[in-house]
Amino acid sequence: MATASAGELRVPWGPGRPEPGPTRFHPVHGAHIRVDLSGTRATRVESFAHGVCFSREPLAPGQVFLVEIEEKELGWCGHLRLGLTALDPASLPAVPEFSLPDLVSLGHTWVFAITRHHNRVPPEGQPEAEALLPSRPPALLEEPYLCIEQFRIPRDRLVGRSRPGLFSHLLDQLYELNVLPPTARRSRLGVLFCPRPDGTADMHIVINGEDMGPSARGLPASRPLYAVVDVFASTKSVRLVQLEYGLPSLQTLCRLVIQRSVVHRLAIDRLQLPKGLKDFCKYE
């Protein structure tokens, strides 16, 4: 698979193409899902199934639909499932109980159970075993952008962060290096598609700032593609994380400066700053 040169890398939006609004969950979802009033948190309230959710709008090329695992539930076998569908959720007579195999069997749907490497499609001419080798990303502050085919995406909010605590500075490094299980609480998982010159698209899954490679090829780039999130089994609740694709906001720039200037996240509480900014620095 050809790789775009540095000069061809771009963000999906610019002055001539406004950045899309915040991502939200679709009002059509599984029978056991409850979506909060903001449309950004989906919780399975009973059982282990009927947890299929969709994006409210079709994704734009290069747009990441990013969720963070907020709650886990012991006693079930299986984890979050993630993918894309060309089916309009509003047109479904009923939301299937499972994304795999029920939704996929309806056609034009590509969904994978989240693991670190098994869902990679090897590039043409590359042995499959070689495609499965892990590729640990550089530290977040060393390489602030994730490059996926022709798109360049700020890595900052793609990476999970622990809750503030005595060992949060150590846990955050584990998220940045992507050595924790991908289904750990507070891991961030995303899906996007990248168009190809032949009119098809590749689907990519991103785990804590690391591109897992093409999970599926040949998607119809000309059709609207919705994100699919199956809050399945041991995954109980997820929330959407909003990304900045263009120039970072002043709030984000302030956060980066503050985080680089303190030894530990708990020290942020002692700074003479507005509470909203301190919370943003500690939690987001």
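Under an unreviewed UniProt entry, the name given to the protein chain is Neuralized-like protein 2, and the organism recorded is Chrysochloris asiatica.

**Q** I'd like a rundown of the pairing of strand 13 (residues 235-241), residues and numbers included.
**A** Among the 7 residues that make up strand 13, 7 are buried, leaving the element largely enclosed by the rest of the structure. Two elements, strand 2 (residues 41-44) and strand 13, share 3 bridges in a ladder whose sense is antiparallel. Following the sheet pairing, R41 is matched in strand 13 by R239. Relative to strand 13, strand 4 (residues 65-72) runs antiparallel, the two sharing 6 bridges. Within strand 13, the residue paired with E71 across the bridge is S237.

**Q** Before we move on, can you summarise the sheet that holds strand 13 with the specific residues and values?
**A** Judged by pairing direction, the sheet is antiparallel, and its 7 strands sit side by side in the order 1-2-13-4-9-10-11 without closing on themselves. At either margin of the open sheet sits one strand with a lone partner, and together these are strand 1 (33-35) and strand 11 (210-220). Neighbour-to-neighbour, the strand axes of this sheet turn through a mean angle of 20°, independent of strand direction. The pairing of strand 10 (residues 200-207) with strand 11 spans 6 bridges and is antiparallel. Considered in strand 11, the bridge of T200 is made with P220.

**Q** Explain the packing of aromatic side chains to me, using residue names and the numbers behind them.
**A** Counting across every chain of the model gives 5 aromatic pairs. Look at F25 and F65: their rings are 5.9 Å apart centre to centre, the planes differ by 80°, and that puts the pair in the edge-to-face class. Of the two residues, F25 sits in the segment before strand 1 while F65 sits in strand 4, which places them 40 residues apart along the sequence. Comparing F25 with F65 shows no difference in burial state: the two are buried. Each ring, one from F48 and one from F232, has its centre 6.2 Å from the other, and the planes form 70°; the classification is edge-to-face. Pair noted here: F48 is in the loop between strand 2 and strand 3 (52-54) and F232 is in the loop between strand 12 (226-230) and strand 13, with a separation of 184 residues, a long-range link. On the accessibility criterion, F232 (8% relative accessible area) is buried. Taken together, the ring pairs connect F48, W76, F98 and F232 into an aromatic cluster.

Calculation notes
- Residues numbered from 1 in each chain as written.
- Predicted model: local features only at pLDDT ≥ 70, side-chain atom pairs only at ≥ 80, totals over all residues.
- Heavy atoms only, no water.
- Buried < 20%, exposed > 50% of the residue type's maximum accessible area, 1.4 Å probe, protein only.
- Helix = DSSP H or I, 4+ residues; strand = E, 2+ residues; numbered from the N terminus.
- Pairing = 2+ DSSP bridges.
- Axes fitted to C-alpha atoms, helices over the stretch in contact; angles between N-to-C directions.
- Phe/Tyr/Trp six-rings, centres within 6.5 Å; stacked < 30°, edge-to-face > 60°.

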